[in-house]
Structures are given as structure tokens and as C-alpha cells.
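Read off the chains here:
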Amino acid sequence: MRTAEIVRKTAETDIAVSIDLDGTGSYEMDTGVGFFDHMLDQLSRHSLIDMKVRCQGDLHIDDHHSVEDTGIALGQALAKALGDKKGIRRYGSCLLPMDDALVRAALDLSGRPYLVWNVDIAAQKIGTFDTELVREFFQAFSTHGGITLHVDALHGFNAHHIVEAAFKAVARALREAVETDPRKSDAIPSTKGAL
């Protein structure tokens, strides 16, 4: 079973995350940040990874800690569910259009975290959500998930479309990378013999 549960408690957040890599994309999100929940729904639905996320954070300050710490917990859950990564495809990519936006995501479940983020979002807010937190989420997710992640917004002017396309593109790339490779289901996808 490629599943994991993570509980993370700090003075700023109390988070519980569960994932199933072999799911159908079902989701239950409750972070207290409406737009962020909507983006996490997209991450689950388009990766086909079942996700449950509950976060109680210090929203009276702002959304930063809740968004970043959710990224940490989801990254940790992904790494735990992948285990030794035997049999996975490892790499994934997606070129995702959403109306005016076109976003490319490419990733490697290498165990070597690195984020390249070429996403310009002109608007500082989507509703009450700070758009700079999108990068913070993916930084935390890639770091704690051991993911080399490149995200590039090639076109777009609508902030909602750009951000949603980014989440969907990463989701589709993740779906590809975590899938079992039927030609090498018994092998770790590296000449090193370990990831």
C-alpha cells in the first residue's frame, strides 16, 4: 500500500495529512483558506492521489504558516508513501493550458529537492489570498518531498488561471512520475540503485 499519514504540530499550525498514491483523486481539504483548498483539490484530482488535509493555523496573523506547513506535510507524506521508490516512473511533465494561461511543469522524484520557479503573477491577491504563497507552497512541497521541480508560466494574464494551471500542471506531472512502470516494476529507476 502506497499510503502515508503525517501529523505536524507547531506553535503556528496543527496539520493532519493522509494520501494514497493509488487513489482516484478524491479529496477532503480544510485549511481555513478557501482559495488554497480549491488549489489542493486540483492537485489531488489531477494527480489521482487521494488526499485529506486538515490544517488549523494562525490565520489571525495571515495565511503564510498554514500554506507553507501544508506544503511541508504533503511533501513528507509523498516521500513516505513512495518508500524506496521501486518501480515508479520517477519523471513526469505536463504542458497545461487554461484559457489565457499556459504552464509547463517538469519534475523528478530524485530525492534531491530543487525548485525552479518562473511564474510571474501580476496580481498580489486572488480574493484575499496572497499570490506569493503559491511559490512558498511549492518550495516546501518540493523540499520535503525530495522533488526536483521546474514550473514555468509561458503565457497568461489572469492570476487565477495562472495559479490554477500551475497546480494542475504539477498534479499531472506528479501523476506520471508516481505511476508504476510496467516494464520495470521491480527496479529502482536509477543506475545508482537508490534514490
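Residues numbered from 1 in each chain as written. Predicted model: local features only at pLDDT ≥ 70, side-chain atom pairs only at ≥ 80, totals over all residues. Heavy atoms only, no water.

**Quick look at empty space enclosed by the protein**
In total, this model carries one cavity of 30 Å³ or more according to the counting rule given. Ile19, Leu21, Ile49, Met51, Leu74, Leu78, Phe141 and Leu174 are the residues that line the largest cavity. When its residues are assigned to classes, the lining of the largest cavity shows eight nonpolar, no polar and no charged. (1 Å grid on protein atoms, 1.4 Å probe; cavity = no way out; pocket = protein on both sides within 12 Å on 5 of 7 lines; lining within 4 Å. Points joined across faces, edges and corners; volume = space filled by probe spheres on them. Nonpolar A, V, L, I, M, F, W, Y, C, P; charged D, E, K, R; others polar.)

**Re the sheet that holds strand E2 (residues 13-20)**
Pairing is mixed in the open sheet, where four strands are placed in the order E1-E2-E4-E3. Looking along the sheet, the strands with just one partner apiece sit at the ends: strand E1 (3-9) and strand E3 (27-30). Here the strands of the sheet are splayed against their neighbours by 5 degrees on average, with no regard to which way each runs. Where E2 and strand E4 (residues 50-57) come together, eight bridges link them in antiparallel fashion. Within E4, the residue paired with isoleucine 15 across the bridge is cysteine 55. The sheet strands contacting helix H1 (residues 34-47) are E3 and E4, and the helix crosses E3 at an angle near 160 degrees. Strand contacts of helix H2 (residues 64-82): E1, E2 and E4, with the helix running at about 35 degrees to E2, the strand carrying the most contacts. (Pairing = 2+ DSSP bridges. Helix = DSSP H or I, 4+ residues; strand = E, 2+ residues; numbered from the N terminus. Axes fitted to C-alpha atoms, helices over the stretch in contact; angles between N-to-C directions. Contact = heavy atoms within 4.5 Å.)

**Re the environment of arginine 54**
Of note, arginine 54 is situated in strand E4. Classification of arginine 54 as partly exposed rests on a relative accessible area of 32%. For the pair formed by arginine 54 and alanine 16, sequence separation is 38 residues and the distance between their alpha carbons is 5.3 Å. A polar side-chain atom of arginine 54 sits 3.4 Å from the main-chain carbonyl oxygen of aspartate 14. (Buried < 20%, exposed > 50% of the residue type's maximum accessible area, 1.4 Å probe, protein only. Polar contact = N/O pair within 3.5 Å; in protein donor to acceptor, adjacent residues only side chain to side chain.)

**Describing H2**
For H2, built from 19 residues, the straight-helix expectation of 27 Å at 1.5 Å per residue is met to within 8% by its first-to-last C-alpha distance of 27 Å. Positive phi appears at glycine 83, one or two residues downstream of H2, with a value of about 60 degrees. (Expected span 1.5 Å × (residues − 1).)

**Digging into the pairing of strand E6 (residues 101-108)**
Sheet analysis places strand E5 (residues 91-98) next to E6, joined by eight bridges and oriented antiparallel. Across the sheet, residue methionine 98 finds its bridge partner in E6, namely alanine 101. Counting the residues in the hairpin turn of E5 and E6 gives two residues, including aspartate 99, whose phi is positive at 55 degrees. By the bridge criterion, seven bridges tie E6 to strand E10 (residues 148-155) in an arrangement that is antiparallel.

**Concerning the sheet that holds strand E7 (residues 114-118)**
Strand order in the open sheet made by the four strands is E5-E6-E10-E7, with mixed pairing throughout. Of all the strands in the sheet, the pair left with one neighbour each is E5 and E7. Taken over all neighbouring pairs, the strand axes of this sheet differ in orientation by 10 degrees on average, direction set aside. Across the sheet, helix H3 (residues 132-145) touches E7 and E10, and the angle it forms with E7 is around 160 degrees.

**Describing the nonpolar core**
Ile19, Leu74, Leu78, Leu107, Leu109, Phe137 and Phe138 are the most contacted members of the largest nonpolar core, which totals 59 residues. If you tally residues by element for this core, the top one is helix H4 (residues 159-178), at 13 residues. The contact partners of leucine 109, leaving out residues within four places of it in the chain, are Leu78, Leu82, Lys85, Ile88, Arg90, Gly146, Ile147, Leu174, Ala177, Val178 and Leu195. (Core = buried A, V, L, I, M, F, W, Y, C linked by side-chain atoms within 4.5 Å.)

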